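Understanding the architecture of this molecule
Chain by chain, the residues run as shown.
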Amino acid sequence: MEKISNALGFIGYQTLRAPRYLFALLLFTLRVLNPRQQGNYRLNQASIRTLVGQVIFSGIDALPVVSFIAIATGAAVTAQIILTIELLGDRSEVINILVQVVIYELSTLITAIILIGRSGSAITVDLGNMKLSRELEGLEMLGVNLNHFLITPRVYGTCISQAILAIYFAVIATLSGVIFLAYTQSSGYFSYLGEISVSLHPFDLTVFLLKNLLFGVLIGTISSFHAMKVGSSRNELPQQTQKAIVNSITIIFVFNALFLLFVQYG
Amino acid sequence: MKNMHSFIQSNRLVPKCQNSSPTQELSVHVKSGDVTCLIGTDSKLLDSYLRALIGVQDIQSGTLTLFDKDVLEIPEREQQFIRTKLAYVSKEAPLLSVLSVMNNIVMPALYHGTYSREDALKEAKAILHLLNFQENEHALPSVLEPIGRIQTAIARTLLIQPKVLALSDPWYKIPPHEYSLLSPFFDYWRGKGALITATQNLKFVRENATTIIFMNQSNHETFADWQSLCKSKNEFIQDYLSRHNESTTML
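These numbers were taken from a predicted model, which means no experiment stands behind them.

**Quick word on the overall build of chain B**
- Per the secondary structure count, chain B includes nine helices and 10 strands.
- Taking 251 residues into account, the globule formula puts the C-alpha radius of gyration at 18 Å, and chain B, at 18 Å, falls close to it.
- Here the C-alpha coordinates of chain B stretch approximately 55 × 45 × 35 Å along the principal axes.
- Out of the 251 residues belonging to chain B, those deemed buried represent 53%.
- Once local pairs closer than 6 in sequence are excluded, the contacts in chain B between residues at least 24 apart make up 66%.

Next up, the structure:
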């Protein structure tokens, strides 16, 4: 009887684990994004420095790797899409698929994965180490709100970086694919650039921007959330870092699918 | 009865501790210029009472008023303001390991808007000079000597302009021959605010304390000066002083 009740308890616990985690994450995100922390709507001087530092690390320092991957994606994906779809359909279909797949989807997802790998893990390790060595306690004793000083600027930083990097990736991936084709096949492929830019609908661009801003917020908050869960054992740091990376990727892909469904059928 | 200018007033205060059950009810009144020293053999117990006195540890029983306000009635938003006036530095003096000494010192002041960055840097340099800081102010905390760490931690609190400094045994990791390096700071602070410390540095207590509280698990006594402490017939105090090679006949 005890084994049956233990088994039922285990099943119940596992079933509720995901909703409990998502609810805790939601509360954490709302607290981080609360505009009126510490009785103030504006970030203070110290938080602004943290924000600028995060944008530099997550955004500017990531430009080389994003550029390489975007150029590779352009040659591998953009060029192949154009060549393949041209055989099966007409020009408008090629442009439609290029815009939907490369610009709106691939750029968002690949940029998010790069950001998670570079910045998400770094945020978790950085904040987790501070928590482990009780550095955060020293700050709290001086009246510093940790959300306002450490976490909110990092989340804003990843949010801004994701949006800018996704746009940059989309531009480079499209350009590099077209240039690759123009160089290897025919210079007539340059005409795709004008047609692609004309087919970018303002509504779709707005959804694209909002999606990337949301993903940036999610990456920042999930990384910070797991960093704050680090307790007093050094073993917890790599465990929470791994959870931050895996959960970030999972949630980003699920949200991406939900966004698609909402835009298609909403 | 509340003193209108008191910083801290406790009445039969007992802190709530996770791993022990303190029983001593502490009544103390701290005002500007006071140097209150908690001494005893159990440093964890002393630290618990110190933290309870400044409102960072929960209270099991008794009352505590900070700046004439009952600590249980202070709203959360005001708690942060109180923390800037009642600054606490723990024994380990934790600093942000990713920031240099100078950035560690100015960050809380920039956060609270006490100074602009340029003014904060100037003020930080002046405080480090006062503290006789000998190391590289652009170094990371990991390469600092223990004295450098505590000097940086104290400088960080001074920049937010507190009225009360609560230091948990700042001499804890410093070798005895370096104790005097902090003396100019304590001379400077005497006229500025109040100091509460839990310490084993009896030389400092002897030379500076205006209130001495001896505390262990079974009893506690409060003394107005070192002479009264030495004259105490309490065997725990006698034993404690002799263990620290302090003569009980000193006047």
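There's plenty left to go through after this.
**Thoughts on a nonpolar patch on the surface**
Residues and elements named next belong to chain A.
- Residues Ile167, Val171, Leu175, Ile179, Phe190 and Leu209 make up a contiguous nonpolar surface patch of roughly 480 Å² in combined accessible area.
- Considering each element in turn, the nonpolar patch owes the most residues, four residues, to helix α6 (residues 146–184).
- Secondary-structure assignment places isoleucine 167 in helix α6.

**Points about helix α4 (residues 117–130) of chain B**
Residues and elements named next belong to chain B.
- Here α4 contains 14 residues, and its C-alpha end-to-end distance of 20 Å stays within 8% of the 20 Å for a straight helix at 1.5 Å per residue.
- Residues of α4 that are buried: Ala120, Ala124, Ile127 and Leu128. Down the axis of α4, the sector holding all buried residues measures 100°, keeping them to one side. Opposite the packed face of α4, turned more than 90 degrees from it, sit the exposed residues Glu118, Lys122 and His129.
- Those residues of α4 that are buried are in contact with α3 (101–112) and α5 (146–158).

**Observations concerning the state of the cysteines**
- Scanning the model with the defined rule gives zero disulfides over all chains in all.
- Cysteine Cys37(B) is unpaired, with the sulfur of Cys230(B) as its nearest cysteine sulfur at 14 Å.

**Brief notes about the interface of chain B and chain A**
- Facing the 26 residues of chain B at the interface are 24 residues of chain A.
- Here Arg51(B) makes a salt bridge to Glu137(A), at a shortest N to O gap of 3.9 Å.
- The tally of links from chain B across to chain A stands at six residue pairs in polar contact (both at pLDDT 80 or more).
- With five residues, the top contributor of residues to the side of chain B that touches chain A is α3(B).
- Each residue belonging to the side of chain B that touches chain A can be placed in one class, and the counts come to 14 nonpolar, seven polar and five charged.

**Quick word on the pattern of salt bridges**
- For the structure on display, the rule yields 12 salt bridges over all chains.
- The shortest N-O distance in the salt bridge between Arg134(A) and Glu137(A) comes to 3.2 Å.
- Residue Arg134(A) is classed as partly exposed on the basis of its relative accessible area of 45%.
- With relative accessibility at 24%, the residue Glu137(A) sits in the partly exposed group.
- Salt-bridge contacts for Asp34(B) lead to Lys31(B); the nearest nitrogen and oxygen are separated by 3.6 Å.
- When its relative accessible area of 9% is taken as the criterion, Asp34(B) is described as buried.
- It is possible to trace a salt-bridge network through shared partners that takes in Arg134(A), Glu137(A) and Arg51(B).

**A few points about the layout of surface pockets**
Residues and elements named next belong to chain B.
- Approximately 670 Å³ is the volume attributed to the largest pocket.
- Lining the largest pocket we find 22 residues, and of these Lys44, Asp47, Ser48, Arg51 and Gln57 sit closest to its centre.
- Ranked by residue count, the leading element in the lining of the largest pocket is helix α1 (residues 43–53), at six residues.
- A class-by-class count of the residues in the lining of the largest pocket yields three nonpolar, nine polar and 10 charged.

Each value, and the rule that gives it
- Residues numbered from 1 in each chain as written.
- Chains lettered and ligands numbered in written order.
- Predicted model: local features only at pLDDT ≥ 70, side-chain atom pairs only at ≥ 80, totals over all residues.
- Heavy atoms only, no water.
- Helix = DSSP H or I, 4+ residues; strand = E, 2+ residues; numbered from the N terminus.
- Rg over C-alpha atoms; globule rule 2.2 N^0.38 Å.
- Buried < 20%, exposed > 50% of the residue type's maximum accessible area, 1.4 Å probe, protein only.
- Contact = heavy atoms within 4.5 Å.
- Patch = residues over 30% accessible without salt bridge, like charges linked within 9 Å, V, L, I, M, F, W, Y side chains within 5 Å.
- Areas by Shrake-Rupley, 256 points an atom, 1.4 Å probe, with all protein chains shown as cover.
- Salt bridge = Lys/Arg side-chain N within 4 Å of Asp/Glu carboxyl O.
- Expected span 1.5 Å × (residues − 1).
- Arc of directions from axis to C-beta.
- Disulfide = S-S within 2.5 Å.
- Polar contact = N/O pair within 3.5 Å; in protein donor to acceptor, adjacent residues only side chain to side chain.
- Nonpolar A, V, L, I, M, F, W, Y, C, P; charged D, E, K, R; others polar.
- 1 Å grid on protein atoms, 1.4 Å probe; cavity = no way out; pocket = protein on both sides within 12 Å on 5 of 7 lines; lining within 4 Å.
- Points joined across faces, edges and corners; volume = space filled by probe spheres on them.

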